[in-house]
Amino acid sequence: MSLPRTHACVLCLAALVSFTAGCSERAVQGASAPASLDELARQSLAIIDGNLKVPGLKQRVDIIRDQQGIPHIFAQNQDDLFFAQGYVMAQDRLWQLELWRRWREGRLAEIFGPKAFDYDARARLMMFRGPWDTKEWTSYHPDAERLFTAWANGHNAYIATHADNLPVEFKLTGIKPEPWTAKTVTLRWAELGIDSTSAAPAAEIQLALNVKKFGAAEANARTAPDPYDDLKVPEGLDLNWITDEALAAARKGDDDPFAPGKLPSPEIVEAYRSLVPAKQAARLMPELQDMDGSNNWVVSGKLTASGVPIVSNDPHRAILMPALRYFVHLDAPGWHVIGGGEPPFVGVDLGNNENMAWGVTFAGIDEVDTYVEQTNPANPNETKFNDSWVPMKIIREEIKVKGEDKPRVVELKFSKHGPVFYEDQAQHVAFAARSADQEPGTAPVKGSLKLAQATSCEDFFDRAMSWKVPAHNLICGDKKGNIALQVSGLAPDRDGWTGRLPVPGTGKYEWKGFRSDLPREYNPARGYIATANNNTHPQDYKGRPVFYNTTRDVDIARITRIRQLLDKQIAEHKPFTIEDMERIQQDNYSLHAERDAPLFKGWTAKNPDAEKARAMIEGWDRILTKDTTPGAIYVRWTTTDAGRKAVAAQAGSEQRALVEQGLLDALERVTKDWGSDQTQWRYGRINQSPLQHMFIDQFSLKPVERPGGFNDVNATGANFRRIIDLADVDKTMATNAPGESAQPGSPYYGNAREKLADGVYFNLPFTRPAVEKQAAHKLTLSPQ
């Protein structure tokens, strides 16, 4: 999902609790002191076969895990269904969820020390502080409070009954998981920017700095907004207020703390230090950074072999350990939904039921505005609003920091518009963020609970509007043959201004509520709907723009290629199948290489090594396979200064000289990195997914060399994929790597690693008979 980069790595949180067959509760509890990390991990595995009595259940629940380790939960009532989901998520993802909640609660420094303080301070500032009333709960689902409570009760039941055998990370660090409540499920994101990075406060401030430097017209041209709009400095905004210091404050603590290298490893308790080498390898991010986009498309049944729509979706994120998303199947009276989601793993975020399926890409609605408040020279805790001085709300909180004797005290200020993230006392201004996630019903993607019970695409439209944060292009296909698009998100109504630049907080630039006229499509004549974080305003859309994307080619390559492939097959009158959708999702053809192809044709380089490389690229099919050598040289060429200048230069001898110099620079780098043996010059060595455990090298998997990336349809961040033919949902195909589990020792820890490398799909059964055929484990939970 063109998701804010701050969420790209939340699941590099560590290896998580998993499951295995053949271990008993008594054997685990009575285990002797481990002789190795592997033994300690094996002792921590959860039970996934047999019968367990669990306090809090009303009736029996069956949890069948298929050959991928995916849990299919069959309950007799919805309370037990969500209770069991909470229990299963504690079995499989307890460590991840504990760190997730600590990030959102502003309590990472308790574990990671001073380097986590800025993240905690930002989380406390941006925290939703209620009220948790009917408006909040029913925004997600009429029974949301009850369902979230049931989930929390199941989660807590596992913690209580396994306090002496927690996942291996808890044992190594001595950290104790804390109980959850329904409120924990609704924790908001912890950053200023909840929407696309182009619309976050830091981006607004950066654009304003560009206006100061280049003027509004040039700054706008460099941004290349789509749809196009003249950039106007808001009346009353003094650009002298906009400083580099304000920009730094907007960025402070607003990235992902779990990105490799951001935080130190947690301290290992004395009892296990001898098992853990003191020196661990550096944690690495993938070199190619096209992992925050997403693709989705739905094709009408008029164009499919089955005669019913096929829905395809692959939201992207950084692929780290463990897998970001988790597949689950929920079945009880009133509920029959399968798919996946991300923390806190309540319900199904992206899925299908027996009648319809939905998929997402980020839409980029600007759900946050930066207000520059004028503060009272006589009292900096007052801001001017409608010509009156209005006091700010001030909250003081303590943040515990590991290694420090006393908690640090933070003073959090809130203007009429929202949290204050920067104060310039010399200029008597303060910067505040008004954010949609301070509104009721904005816990991320929890509007999916209503979508899970949709009966058709017509029904889908109203339910999709409950999906408030983050903003998405939601697509739908249903069994009746309909296809639909609904842009969703809590879009502020800014009558007369766009929100692209900071605005004065004096009362002139206020939100007038939220818009209901968001773009949608229903059964378009072209026979399909496709989005890839592009401008999805329909051509006949008459309203004010809902969002601004960009026309820069880095952002439109995927949607252009998807449309090419769909249109080509339609022109050939060849009906679409699931296999066709797999082929499109795995497409590695580079439109960027096609654009640059003329630069390498019709001339001879002076340097023989450069000429050999030029000829290789000229003869290359522009498909980024794992093993391509010309593809590796070309991608390295695009990173050179000379290569970038060549793309922008006028055709002629000067341009050819730049191309040649770029080739020489690229060859120098690949030789330095990989040696002189050209058989080792593989593109996959550039496009690697490093599958590293958060802090234990022994639990890391070997990096995966992959095709695609570089803004191909098969993006670097493409991992969680679904293809659903609504004619027979038992034939759904999916991917998710490196495994459903992240607990070392589990058979599902890295079983999908090679599938990630080779683009291999697995079947995702839906009906109970189909699930039973693929059953690998069965656990029955009964009331105690």
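Residues numbered from 1 in each chain as written. Predicted model: local features only at pLDDT ≥ 70, side-chain atom pairs only at ≥ 80, totals over all residues. Heavy atoms only, no water.

Chemist: When you look at the side chain of Gln655 in this model, what are you seeing that I'm missing?
Modeler: Along the polypeptide, Gln655 turns up in helix 21 (residues 653-674). Note on Gln655: relative accessible area 10%, which makes it buried. The residues contacting Gln655, other than those within four sequence positions of it, are Leu599, Ala646, Ala649 and Gln650. (Helix = DSSP H or I, 4+ residues; strand = E, 2+ residues; numbered from the N terminus. Buried < 20%, exposed > 50% of the residue type's maximum accessible area, 1.4 Å probe, protein only. Contact = heavy atoms within 4.5 Å.)

Chemist: Can you walk me through the packing of helix 18 (residues 608-618) against helix 19 (residues 629-638) in this structure?
Modeler: Pairs of packed helices are described in terms of their axes, by the angle between the two and the distance that separates them. It is the contact of helix 18 with helix 19, at a shortest axis distance of 9 Å, that shows an interaxial angle of 110 degrees. Taken together, the axes of helix 18 and helix 19 are roughly perpendicular relative to one another. Remark: the crossing between helix 18 and helix 19 carries left-handed chirality. When helix 18 is examined against helix 19, the residues Ala613, Met616 and Ile617 are found in contact with a partner set consisting of Thr629, Pro630, Ile633 and Tyr634. Class assignment of the residues belonging to the contact of helix 18 with helix 19 gives a composition of six nonpolar, one polar and no charged. (Axes fitted to C-alpha atoms, helices over the stretch in contact; angles between N-to-C directions. Parallel < 35°, antiparallel > 145°, perpendicular 65-115°, else oblique. Left-handed = near helix turned anticlockwise from the far one by under 90°. Nonpolar A, V, L, I, M, F, W, Y, C, P; charged D, E, K, R; others polar.)

Chemist: Which parts of the structure should I look at to understand unusual backbone geometry?
Modeler: Note: most residues except glycine have negative phi, and most peptide bonds are trans. Cis geometry is found at the peptide bond from Gly130 to Pro131, where omega equals 5 degrees. Position of Pro131 among the secondary structure elements: in the loop between helix 5 (117-126) and helix 6 (134-140). The linkage connecting Ala737 with the following residue, Pro738, adopts the cis geometry, with an omega of 10 degrees. Tracing the backbone shows Pro738 in the loop between strand 29 (733-735) and helix 22 (753-758). The phi torsion at Phe345 lies on the positive side, around 60 degrees, for a residue other than glycine.

Chemist: Just to check I follow, could you spell out the packing of helix 3 (residues 78-105) against helix 7 (residues 144-161) for this structure?
Modeler: As a packed pair, helix 3 and helix 7 sit with axes 6 Å apart at the nearest point and diverge in direction by 50 degrees. Taken together, helix 3 and helix 7 sit at an angle that is classed as oblique. The hand of the helix 3/helix 7 crossing is right-handed. Side by side, helix 3 and helix 7 meet where Gln78, Asp79, Phe82, Phe83, Gln85, Gly86, Tyr87, Met89, Ala90, Gln91, Leu94 and Leu97 of the first sit next to Arg146, Leu147, Ala150, Trp151, Asn153, Gly154, His155, Ala157, Tyr158 and Ile159 of the second.

Chemist: Is there a simple way to think about the state of the cysteines in this case?
Modeler: Think of a disulfide as a covalent bridge from one cysteine sulfur atom to another cysteine sulfur atom. As enumerated under the stated definition, the model contains one disulfide in all. Disulfide partner of Cys457: Cys476, at an S-S distance of 2.3 Å. Its S-S torsion of about -100 degrees marks the bond between Cys457 and Cys476 as left-handed, since a negative value means left-handed. Placement of Cys457 in helix 14 (residues 457-464) and of Cys476 in strand 20 (residues 472-478) is noted, with a sequence separation of 19 residues between them. Assigned by exposure class, Cys457 and Cys476 land together as buried. (Disulfide = S-S within 2.5 Å.)

Chemist: Which parts of the structure should I look at to understand the pairing of strand 12 (residues 356-362)?
Modeler: Within a regular strand, the side chains alternate between the two sheet faces. Burial analysis of strand 12 places seven of its seven residues in the buried class, the great majority of the element. Along strand 12, one buried face is formed by Met356, Trp358, Val360 and Phe362 and the opposite face, lined by Ala357, Gly359 and Thr361, is buried too. In this sheet, strand 20 lies alongside strand 12 in antiparallel orientation, the contact comprising seven bridges. Along strand 20, the bridge assignment pairs Met356 with Asp478. (Pairing = 2+ DSSP bridges.)

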